[in-house]
Amino acid sequence: MNEIKTLGQFIIEKQKDFPYAKGELSRLLRDLAIAAKIVNREINKAGLASILGDSGTVNVQGESQKKLDVYANEQFIAALRSGGECCMIVSEENDEHINIDSEISKNAKYVVAIDPLDGSSNIDVNVGIGTIFSIYRRTSVSGAATVEDILQKGTSQVAAGYIIYGSSTMLVYTTGKGVNGFTLDPSIGEFCLSHPNLTIPESGTIYSINEGNYIHFPQGVKKYIKYCQEEDKNTFRPYTSRYTGSMVADLHRNLIKGGIFIYPYTSASPKGKLRLVYECNPMAFIMEQAGGKASDGTTRILDLDVYELHQRSPIFIGSRLMVEKAEEFMRVFHREALEVLNGFALDV
Ligand code: AHM
Ligand code: MG
């Protein structure tokens, strides 16, 4: 029989990779996993518990919140509050950052950014949804954390992960030394190591994008989509289109099978839709650690400056060669658009 390794055992084992670690990060990951199990339990019985539907409140982006979004937000915040290892939280569901100023937490080393329940349009319809988290070391030394403590580039992330509540529930995370995936075994209530050292194929045959927005896409993206749809036996095209509307589900599938996920800027949303701090950066960190790539079409996501909590960014993420190809289209057709605009050829 194969030996089962729980997330808790794995985290403790991995602590040895960090010689000066005192266990704070391990405990923080444990706290997030506890909240994930509670949220998972609620999601699984959502249809029964009349918990589906709008909660009647609206979040900072002006989107109506679902009851489960609110519930998940509360659970993650409560777990981080009582765990004592996090001094500040930024959540998609809260306009402002949340200071945890209890005696034990206020001098804690870490700040956490979280999207408690991503893919909210899928909550009511039993399609995979997820939680995304990102952990930073605070930049201030002690006392009440400020917003600057989290406005750090993605390259400064200490750890990042996601939980996918799908046909099974998985927690996937990185601390910068590869990516590991754990599947929740409901019979023992533990996340068990099921996908050690996850790596994404360098190329794939899946592209994931909301093609309903095609008319609003930049020229480079339009041309790249056409490229995906052309026939070419050598590159296994036409590719397959797969898009659920849940970033976690789409990225998880592409991570396992190989593929690209794109949420570009559009004429309607010139900064893109997805949020840099708690959606793009953690996913980019995980993807890079798995051997993939993430950019905003030109610049590496993890190198982007972060100047506000709910900042948005376009994202091109997934298999390295596919992202590079899409970037090439962005480069070429951006230049073409400029040339048309200027009325002369550029030297670059
Ligand atoms: P949310 O945080 O409100 O759930 O929005 C994020 C989600 C992503 O999971 C998904 O990739 C994207 O929004 C889908 O957006 P669209 O419906 O515009 O394709
Ligand atoms: Mg989200």
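Just above, that's the structure.
Residues take numbers from 1 onward in each chain, read along the sequence in its written order. Chains carry letters from A onward and ligands carry numbers from 1 onward, assigned in written order. The model is predicted, so local features are restricted to residues of pLDDT at least 70 and side-chain atom pairs to those at 80 or more, both for listing and for counting; the totals for chains, interfaces and linings are taken over all residues. Derived side-chain values reflect all non-hydrogen atoms in the structure, with water molecules and hydrogen atoms excluded from consideration.

Enquirer: I'd love a proper account of the nonpolar core, names of residues and values included.
Expert: We call a set of buried residues a nonpolar core when its members are Ala, Val, Leu, Ile, Met, Phe, Trp, Tyr or Cys and they connect through side-chain atoms within 4.5 Å of each other. With a 1.4 Å probe rolled over the protein chains alone, any residue whose accessible area is under 20% of its type maximum counts as buried; one over 50% counts as exposed, and the rest are partly exposed. Counting 44 residues, the largest nonpolar core has I150, M283 and I315 as the members making the most contacts within it. Secondary structure follows DSSP: runs of H or I at least 4 residues long count as helices, runs of E at least 2 residues long count as strands, and numbering of each begins at the N terminus. Among the elements that take part in this core, helix α6 (residues 276-289) stands out by supplying nine residues, more than any other. Delimitation of the domains relies on an automatic or database domain assignment. Structurally, this core is a two-domain feature, drawing no fewer than three residues from each of domain 1 (7-195) and domain 2 (206-341). The residues touching M283, leaving out its near neighbours within four places in the chain, are I132, Y162, M247, V248, L251 and I317. Only heavy atoms matter for contacts: two residues are in contact if any of them lie within 4.5 Å across the pair.

Enquirer: How would you explain the sheet that holds strand β5 (residues 110-118) if you had to name every residue and give the values?
Expert: Pairing in this open sheet of eight strands is mixed, and the strands run β4-β3-β5-β6-β7-β8-β9-β10 from one edge to the other. Each end of this open sheet is capped by a strand with a single partner; those strands are β4 (98-99) and β10 (190-195). Axes, fitted as lines to C-alpha atoms, cover a helix only where it is in contact. Angles between the N-to-C directions of the axes lie from 0 to 180 degrees. Relative to β5, helix α3 (residues 67-83) is tilted by about 160°, and along the sheet it contacts β3 (86-91), β4, β5, β6 (129-137) and β7 (159-165). Here, a strand pair is defined by DSSP locating no fewer than two bridges between the strands.

Enquirer: Tell me about helix α1 (residues 7-14), residues and numbers included.
Expert: Taken residue by residue, α1 has L7, F10 and I11 as its buried positions. For α1, the angular spread of the buried residues around the axis is 100°, confining them to a single face. For α1, the secondary structure elements touched by its buried residues are α2 (24-44), β8 (169-174), β9 (179-185) and β10. Think of the arc as the fan of directions from the helix axis to the C-beta atoms.

Enquirer: Lay out the coordination of the magnesium ion (ligand 2) with the relevant residues and their values.
Expert: We call an atom a donor if it is N, O or S and sits within 2.8 Å of the metal, or 3.2 Å for Na, K and Ca. Water is not counted, so some sites may look partial. The protein atoms that coordinate the magnesium ion (ligand 2) are E92 (OE), D115 (OD), D118 (OD) and E279 (OE), at distances of 1.9 to 2.3 Å. We note that the donor set of the magnesium ion (ligand 2) lies within a single chain, spaced as E-x22-D-x2-D-x160-E. With E92 in the loop between β3 and β4 and D115 in strand β5, the pair connects residues that are 23 residues apart, well separated along the chain. Taking the relative accessible area as the measure of exposure, D115 reaches 0% and is therefore buried.

Enquirer: I'd like a rundown of the packing of α2 against α3, residues and numbers included.
Expert: Contact geometry for α2 and α3: axes closest at 9 Å, N-to-C directions at 150°. As the angle between them shows, α2 and α3 are arranged roughly antiparallel. Like other packed secondary-structure pairs, α2 and α3 cross with a definite hand, here right-handed. Residues L28, D31, L32, A35, A36, I38, V39, R41, E42 and I43 of α2 form the contact with α3, whose own contacting residues are L68, Y71, A72, Q75, F76, A79, L80 and G83. If an angle is under 35 degrees, it is roughly parallel; if it is over 145, roughly antiparallel; if it lies from 65 to 115, roughly perpendicular; otherwise it is oblique. By convention the crossing between two helices is left-handed if the near helix lies anticlockwise of the far one by an angle smaller than a right angle, and right-handed if it lies clockwise.

Enquirer: Go over the site of ligand 1, please, and point to the residues and values.
Expert: By nearness alone, 17 residues border ligand 1, and D118, G119, Y243, M247 and Y263 come closest of all. With respect to ligand 1, the backbone of S120 contributes an N or O atom lying 2.9 Å from an oxygen atom. Pairs of N or O atoms are called polar contacts if they sit within 3.5 Å, as long as, within protein, a hydrogen donor faces a hydrogen acceptor (for residues adjacent in sequence, only side-chain-to-side-chain pairs). Taking M247, its main chain carries an N or O atom lying 2.6 Å from an oxygen atom of ligand 1. Elements represented by at least two residues in the shell around ligand 1 include exactly β5 and β13 (260-263). Nonpolar residues are Ala, Val, Leu, Ile, Met, Phe, Trp, Tyr, Cys and Pro. Charged residues are Asp, Glu, Lys and Arg, and all others, Gly as well, are polar. Taken together, the residues of the shell around ligand 1 sort by class into five nonpolar, five polar and seven charged. Here the shell around ligand 1 spans two domains, since at least three of its residues come from each of domain 1 (7-195) and domain 2 (206-341). Throughout, the term near means that a residue has one or more heavy atoms lying within 4 Å of the molecule or strand in question.

Enquirer: With reference to specific residues and values, describe the packing of aromatic side chains.
Expert: Stacked, tilted and edge-to-face pairs are distinguished by plane angle, under 30 degrees for stacked and over 60 for edge-to-face with tilted covering the rest, among Phe, Tyr and Trp rings (Trp via its six-membered ring) whose centres lie within 6.5 Å. In the structure shown here, the tally under the stated rule is nine aromatic pairs. Judged by centre distance (6.0 Å) and plane angle (15°), the rings of F329 and F333 are stacked. With F329 and F333 both in helix α7 (residues 320-342), this residue pair falls four residues apart, about one helical turn. As far as burial versus exposure is concerned, F329 and F333 are alike and both buried.

Enquirer: Tell me about the pattern of salt bridges, and name the residues and values.
Expert: The salt bridge definition used is simple: a Lys or Arg side-chain nitrogen within 4 Å of an Asp or Glu carboxyl oxygen. In this structure the tally under the stated criterion is 20 salt bridges. For the salt bridge of R253 with D250, the shortest nitrogen-to-oxygen distance reads 3.0 Å. Taken together, the positions of R253 and D250, both in helix α5 (residues 247-257) and three residues apart, correspond to about one turn of that helix. For R253, a relative accessible area of 18% corresponds to the buried category. For D250, a relative accessible area of 0% gives the class buried. Put simply, D303 and R300 hold a salt bridge, and the shortest N to O gap is 3.4 Å. The network of salt bridges with common partners includes E202, K293, R320, E324 and E327.

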